[in-house]
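The primary structure of each chain is shown beneath.
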Amino acid sequence: MNERIEQPEGLVAPFASHIAGRSGRADALAALAFPRRKHEDWKYVGAQLRALKGKTFVAAEAAPGLSLDALGLSAIDSIARLVFIDGAPSDTLSSIPDGLDLRVSALTDAALAERPEALATSFEGDWFAALNEAGWSGGSLLEVGKNTDGGGVVHVAFVSTGGASSATLPRLLVRAARGSKLQLVEEHVGLGEAETFASPFIEVLVGENAHVDHIKIQRASVTSHHVARLAVHLSEGAHYRSTTAHFGGAFSRQDVVARIDRSEEHTSELQSPNASR
């Protein structure tokens, strides 16, 4: 039985109902200590961690009746778009043009259970990943068909409407099948200046000889706290390139873990020049 360690209630409480429904994930979270400056990976952000640990947040509630214009998103018919409002996918604002071999469906615990072990354990022992694993809700699964072009750009917009002290755990699993091509633009947008907390978890499965170009733009409010996890699994001959730009946030960080299948005949390519801050 895992030892239970005191948790920062202000960060955990907003997701308590979802955590309660995943007993195994809940136990894994309870056994982990919130990171501190003494941990090597966090030694330069001790002040930000202490400030975040002392905050109290509430579960975000998606505002109704929003439009793309109100969110600062241009309507472009030629690109596929997946929109999340306060952590939840919006069917009315999301769209995929006809003729593209793209499929978007609700993410389930069963779908996550089918991940390769190397991907599923990428952030084992990480507190923020464990919080997302236990407390996420309303995630999406994006799949690109074999030997097809994803249709140019797929824009995934995570929008925080700025509810006071709101917290979200966005979740997205991307599967680019063998020989496919995908240009993924991940954008995090904050409306208003309310203090918020988001800990997104993005996972990308790149199939054999597939190409994924992944651009992340984080432009949340200057008072937001954004702690993201990106896990990538590359099959033989796969190519993955990641570019990240952070423009907002009182505390903004992304950590990346990549696992690569290798053989003597095939190589995989990973490019991530500025993955975290």
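So, here is what we can say about the structure in this document. (Residues numbered from 1 in each chain as written. Predicted model: local features only at pLDDT ≥ 70, side-chain atom pairs only at ≥ 80, totals over all residues. Heavy atoms only, no water.)

## Some points on the overall build of the protein
From N to C terminus, the protein includes seven helices and 16 strands. Relative to the 2.2 N^0.38 estimate, which gives 19 Å for 277 residues, the radius of gyration of the protein is 18 Å and therefore close to what a compact globule would have. Viewed in the frame of its principal axes, the protein has a C-alpha envelope of about 50 × 50 × 35 Å. Accessible surface for the protein amounts to roughly 12,800 Å². Of this, 49% is attributable to carbon and sulfur atoms. (Helix = DSSP H or I, 4+ residues; strand = E, 2+ residues; numbered from the N terminus. Rg over C-alpha atoms; globule rule 2.2 N^0.38 Å. Areas by Shrake-Rupley, 256 points an atom, 1.4 Å probe, with all protein chains shown as cover.)

## Brief notes about the packing of helix 3 (residues 23-30) against helix 7 (residues 127-135)
In helix packing, the relevant descriptors are the interaxial angle and the interaxial distance, both defined with respect to the helix axes. Close contact between helix 3 and helix 7 brings their axes to 9 Å; oriented N to C, the two are set at 160°. Classified by the interaxial angle, the pair formed by helix 3 and helix 7 is roughly antiparallel. Read as a crossing pair, helix 3 and helix 7 show a hand that is left-handed. Touching Arg-25, Ala-26 and Leu-29 of helix 3 are Trp-127, Ala-130, Leu-131, Glu-133 and Ala-134, all from helix 7. Grouping the constituent residues of the contact of helix 3 with helix 7 by class yields six nonpolar, no polar and two charged. (Axes fitted to C-alpha atoms, helices over the stretch in contact; angles between N-to-C directions. Parallel < 35°, antiparallel > 145°, perpendicular 65-115°, else oblique. Left-handed = near helix turned anticlockwise from the far one by under 90°. Contact = heavy atoms within 4.5 Å. Nonpolar A, V, L, I, M, F, W, Y, C, P; charged D, E, K, R; others polar.)

## A word on empty space enclosed by the protein
Unfilled space is identified by rolling a water-sized probe across the atoms. Applying the stated criterion across every chain, the model contains three cavities of 30 Å³ or more. Lining the largest cavity are 19 residues, and of these Phe-158, Ser-160, Thr-168, His-188 and Ala-198 sit closest to its centre. Every element with two or more residues in the lining of the largest cavity is listed here: strand 6 (149-160), strand 7 (166-168), strand 9 (181-190), strand 10 (197-198) and strand 13 (225-234). Here the residues of the lining of the largest cavity sort into eight nonpolar, 10 polar and one charged. (1 Å grid on protein atoms, 1.4 Å probe; cavity = no way out; pocket = protein on both sides within 12 Å on 5 of 7 lines; lining within 4 Å. Points joined across faces, edges and corners; volume = space filled by probe spheres on them.)

## Some points on the nonpolar core
Core analysis: the largest hydrophobic core is formed by 24 residues, its most contacted members being Val-154, Val-156, Leu-172, Val-204, Val-206 and Tyr-240. Elements supplying a minimum of two residues to this core: strand 2 (80-85), strand 5 (140-144), strand 6, strand 8 (171-176), strand 9, strand 11 (201-206) and strand 13. When sequence neighbours within four positions are dropped, the list of residues in contact with Val-206 reads Ala-176, Val-212, Val-232, His-233, Leu-234, Ser-235, Ala-238, His-239 and Tyr-240. Residues Phe-128, Ala-130, Phe-197 and Val-227 belong to the second largest nonpolar core, which totals 23 residues. (Core = buried A, V, L, I, M, F, W, Y, C linked by side-chain atoms within 4.5 Å. Buried < 20%, exposed > 50% of the residue type's maximum accessible area, 1.4 Å probe, protein only.)

## Remarks on unusual backbone geometry
Positioned with a positive phi, Ser-165 is a non-glycine residue whose angle comes to about 55°. Relative to the elements of secondary structure, Ser-165 occurs in the loop between strand 6 and strand 7. Positioned with a positive phi, Asn-209 is a non-glycine residue whose angle comes to about 60°. Checked against the element boundaries, Asn-209 lands in the loop between strand 11 and strand 12 (211-219). Classification of Asn-209 as partly exposed rests on a relative accessible area of 41%.

## Looking at the environment of Asp-261
For Asp-261, the position within the fold is in the loop between strand 15 (251-260) and strand 16 (269-271). The partly exposed category is assigned to Asp-261, whose relative accessible area is 32%. Here the alpha-carbon distance between Asp-261 and Ala-118, two residues 143 residues apart in the chain, equals 9.7 Å.

## A word on the packing of aromatic side chains
Throughout the structure, instances matching the rule amount to eight aromatic pairs. Consider the rings of Phe-34 and Phe-128, whose centres lie 5.6 Å apart with planes at 65°: the pair is edge-to-face. Note that Phe-34 is positioned in the loop between helix 3 and helix 4 (46-53) and Phe-128 in helix 7, a separation of 94 residues in sequence. With respect to burial, Phe-34 and Phe-128 carry one shared label: buried. Where Phe-57 meets Phe-197, the ring centres are 5.7 Å apart and the plane angle is 35°; that geometry is what we call tilted. In this pair, Phe-57 is assigned in the loop between helix 4 and strand 1 (58-59) and Phe-197 in strand 10, connecting sequence segments 140 residues apart. Here the two residues Phe-57 and Phe-197 agree in accessibility, since each one is buried. Grouping aromatic residues by their ring pairs yields a cluster made of Phe-34, Trp-42, Phe-57, Trp-127, Phe-128 and Phe-197. The ring of Phe-201 has Arg-171 sitting right over it, with the charged end atom 4.3 Å from the ring centre. (Phe/Tyr/Trp six-rings, centres within 6.5 Å; stacked < 30°, edge-to-face > 60°. Lys NZ or Arg CZ within 6 Å of the ring centre and 35° of its normal.)

## Describing the side chain of His-226
Examined against the element boundaries, His-226 turns out to sit in strand 13. Its relative accessible area of 3% is what places His-226 among the buried residues. If we skip the residues at most four places from it in the chain, His-226 touches His-188, Ala-198, Pro-200, Lys-216, Gln-218, His-246, Phe-251, Ser-252 and Arg-253.

## Digging into the side chain of Asn-132
When you line up the elements, Asn-132 lands in helix 7. Not counting residues within four places of it along the chain, the set of residues in contact with Asn-132 comprises Leu-169, Pro-170, Arg-171, Ser-199, Pro-200 and Phe-201.

## Examining the pattern of salt bridges
As enumerated under the stated definition, the model contains 16 salt bridges in all. Between Asp-255 and Arg-253 there is a salt bridge, and its shortest N-O distance comes to 2.7 Å. The class of Arg-253 is buried, set by a relative accessible area of 10%. Through salt bridges that share partners, Arg-25, Arg-115, Glu-133, Arg-171 and Glu-203 make up one connected network. (Salt bridge = Lys/Arg side-chain N within 4 Å of Asp/Glu carboxyl O.)

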